[in-house]
Amino acid sequence: MAISLRNLSVNYSLQQGTAHALRGVSLDIEKGQMHGLVGESGSGKSTVAFALMGLLANNANVTSGTATIEGKSFDLTKRNATADLRGRGMAMIFQDPMLSLNPVFTIGTQLCEVLRRRTPGSDRKTQGAMAEDALAKVRLSNPGRRMNQYPHELSGGMRQRVVIAMALLSEPALLIADEPTTALDVTVEAQIMREIIGLRDRIGCAVLLITHSLGLVTEYCDAISVLYAGEKLESGTVRQVQRQPGHPYTRMLFDCEVPIDRERHADASQNRFTVIAGDLPDPRRRPPGCIFNARCDVSFEDCAVVSPGDYPVRNDDSHSARCLRLATP
Ligand SMILES: Nc1ncnc2c1ncn2[C@@H]1O[C@H](COP(=O)(O)OP(=O)(O)OP(=O)(O)O)[C@@H](O)[C@H]1O
């Protein structure tokens, strides 16, 4: 297992109380696999990524959580527990590539800086050649010329390729891609996803793909976890979960997902999951019982009072869902 996250709980302090962003979230990602983390806006996807990367906002408080990465365990309740791993054991691709790029340095300088941090002492010429080679590997046109350009001279898709090249050079054990294609048009989306897959195959890292799009997950991921209001409601292989969703929420997500097409991208800023009636519960006041009860179409009396555990779906331990209907009597 490349990465194992256990029991991650995160709160945010607000003037009006405490928002519970994540409760007891666990995830396992195998080496060389791409794991999709889906959920509607506000479900806590980015909080998972930021907690792993040690990039949480100042008002965040990790109340529990351990990450084990390639055999090393980190207590995430300790601020900056994973900071040392940033850029080495873990790398992240954001929706906006400019969050990873510095506007005042050339692409070449920024790529060489990654190499300088990873292998201090290596000479500049070798670093330059390796950086240019990485740009060629992510199929950026004219890599030699790009080395001397600044981020603002490139398109959004080209900048995202540069960020993927940076990740390639840092050879992470875990690559977190948080909505890496949301700002791009459909053709570029497919190209960027191909480059992420290429990177994974080259260095054999685990990838956590954070997305609103079940279409992307079913097309590119091996496994999936479904987040809802800070709780993981289901996880399994994409095949298992797609064929037989164990949780009513997952079933509803699959029922309302629009296939990957241009229409979807024409309105990419819209949350495609809003077709499920109702809203996420107030993160400051968790309702008793099942967190999804208020929006569930198959709930029964107990769901309002009993908090469900994670039960295997069809007796398969690799596929679980947090739904009382799966509890054995
Ligand atoms: N700095 C913060 N202060 C207070 N609350 C926050 C902060 N960051 C996130 N939250 C809250 O934590 C919850 C989870 O947010 P998060 O951004 O992780 O969700 P998400 O699933 O990534 O959403 P999106 O898809 O819109 O990025 C939400 O209720 C959000 O409002």
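Conventions and cut-offs
Think of each chain on its own: its residues are numbered from 1, step by step along the sequence as written. Given that this is a predicted model, residues contribute local features only at a pLDDT of at least 70 and side-chain atom pairs are listed and counted only at 80 or more, while totals for whole chains, interfaces and linings are drawn from all residues. By definition, a residue lies near a molecule or strand when the C-beta atom built from its backbone is within 6 Å of it. Strands here are runs of E lasting at least two residues and helices are runs of H or I lasting at least four, both read from the DSSP assignment and numbered beginning at the N terminus. Under the convention adopted here, Pro, Cys and the residues Ala, Val, Leu, Ile, Met, Phe, Trp and Tyr are nonpolar, Asp, Glu, Lys and Arg are charged, and Gly plus all remaining residues are polar. Each pair of strands is called paired provided DSSP finds at least two bridges between the two strands. Throughout, an axis means a line fitted to C-alpha atoms (over the contacting stretch in the case of helices), and angles, computed between N-to-C directions, take values from 0 to 180 degrees. By this rule the span expected of a helix is its residue count minus one, scaled by 1.5 Å. Residue burial is a threshold on neighbouring C-beta atoms within 10 Å of the residue's own C-beta, all placed from the backbone, with 20 or more meaning buried, 12 or fewer meaning exposed, and counts in between meaning partly exposed. Think of it this way: build a C-beta for each residue from its backbone, and any pair within 7 Å is a contact. Angle categories are assigned with fixed cut-offs, so that under 35 degrees is roughly parallel, over 145 is roughly antiparallel, 65 to 115 is roughly perpendicular, and the rest are oblique. Should the near helix be turned anticlockwise from the far one by less than a right angle, the crossing is termed left-handed; should it be turned clockwise, right-handed. For crossovers, right-handed means that the path from the first strand over the helix to the second runs clockwise, given strands pointing away from the viewer.

Caption draft 1: Expanded view of the site of the ligand. Taken together, 15 residues lie around the ligand, and Tyr12, Ala21, Ser41, Ser46 and Thr47 are the ones closest in. Listing elements by their share of the shell around the ligand, those giving two or more residues are β1 (3-14), β2 (17-29) and α1 (45-53). Here the shell around the ligand takes 3 residues from α1, the largest share from any one element. Across the shell around the ligand, the residue classes tally to 6 nonpolar, 8 polar and 1 charged.

Caption draft 2: View of the sheet that holds strand β6 (residues 90-93). Spatial strand order, β6-β7-β8-β3-β9-β10-β12-β11: 8 strands in an open sheet with mixed pairing. At either margin of the open sheet sits one strand with a lone partner, and together these are β6 and β11 (311-313). Going across the sheet, the axis of each strand differs from the next one's by a mean of 25 degrees, ignoring polarity. Bridge analysis of strand β7 (residues 174-178) against strand β8 (residues 206-211) gives 5 bridges, and the strand direction is parallel. Residue pairing across strands places Leu175 opposite Val207, the latter belonging to β8.

Caption draft 3: Main features of helix α5 (residues 156-170). Taking 1.5 Å per residue as the helical rise, α5 with its 15 residues ought to reach 21 Å, and the 21 Å between its terminal C-alpha atoms agrees with that figure. When we look at burial in α5, the residues that qualify are Arg159, Gln160, Arg161, Val162, Val163, Ile164, Ala165, Met166, Ala167, Leu168, Leu169 and Ser170. At its buried positions, α5 is contacted by β6, α2 (107-118), α3 (124-137), β7 and α6 (186-203). Looking one or two residues beyond α5, the residue adopting positive phi is Glu171, at roughly 45 degrees.

Caption draft 4: Structural view of the packing of α2 against α3. Close contact between α2 and α3 brings their axes to 9 Å; oriented N to C, the two are set at 115 degrees. Considered as vectors, α2 and α3 are oriented roughly perpendicular to each other. The chirality of how α2 crosses α3 is right-handed. The residues of α3 that touch α2, namely those facing Gly108, Leu111, Cys112, Leu115 and Arg116, are Arg124, Gln127, Gly128, Met130, Ala131 and Ala134. Per-class residue counts for the contact of α2 with α3 are 6 nonpolar, 3 polar and 2 charged.

Caption draft 5: Geometry of the pairing of β7. Most of β7 sits out of view: 5 of its 5 residues are buried. What you see with β7 is no split at all: Leu174, Ile176 and Asp178 on one side and Leu175 and Ala177 on the other are buried throughout. The pairing of β6 with β7 spans 4 bridges and is parallel. What sits directly across from Met92, in β7, is Ile176. Handedness of the β-α-β unit built from β7, α6 and β8 comes out right-handed.

Caption draft 6: Representation of the packing of α2 against α5. Remark: α2 packs on α5, axes separated minimally by 9 Å, with the N-to-C direction vectors making an angle of 20 degrees. Taken together, the axis directions place α2 and α5 in an arrangement best described as roughly parallel. The way α2 lies across α5 gives a crossing that is right-handed. From α2, Ile107, Gln110, Leu111, Val114, Leu115 and Arg118 reach across to α5, where they touch Val162, Ala165, Met166, Leu169 and Ser170. Its residues assigned to classes, the contact of α2 with α5 comprises 8 nonpolar, 2 polar and 1 charged.

Caption draft 7: Structural detail: the sheet that holds β2. Within the open sheet, the 4 strands sit side by side as β2-β1-β4-β5. Their pairing is antiparallel. Looking at strand neighbours, the two that pair on one side only are β2 and β5 (72-75), the edges of this open sheet. The average undirected angle you get between the axes of adjacent strands in this sheet is 10 degrees. Taken together, the 8 bridges between β1 and strand β4 (residues 60-69) define a ladder with antiparallel strand orientation.

Caption draft 8: Broad picture of the environment of Ile291. By the element assignment, Ile291 lies in the loop between α10 (262-266) and β11. Note on Ile291: 23 C-beta atoms within 10 Å, which makes it buried. Along the backbone, Ile291 and Glu231 are 60 residues apart, and their C-alpha atoms lie at a distance of 7.9 Å. The residues touching Ile291, leaving out its near neighbours within four places in the chain, are Tyr228, Ala229, Glu231, Pro281 and Arg286.

Everything listed here is a matter of coordinates, which is why it stays silent on function.
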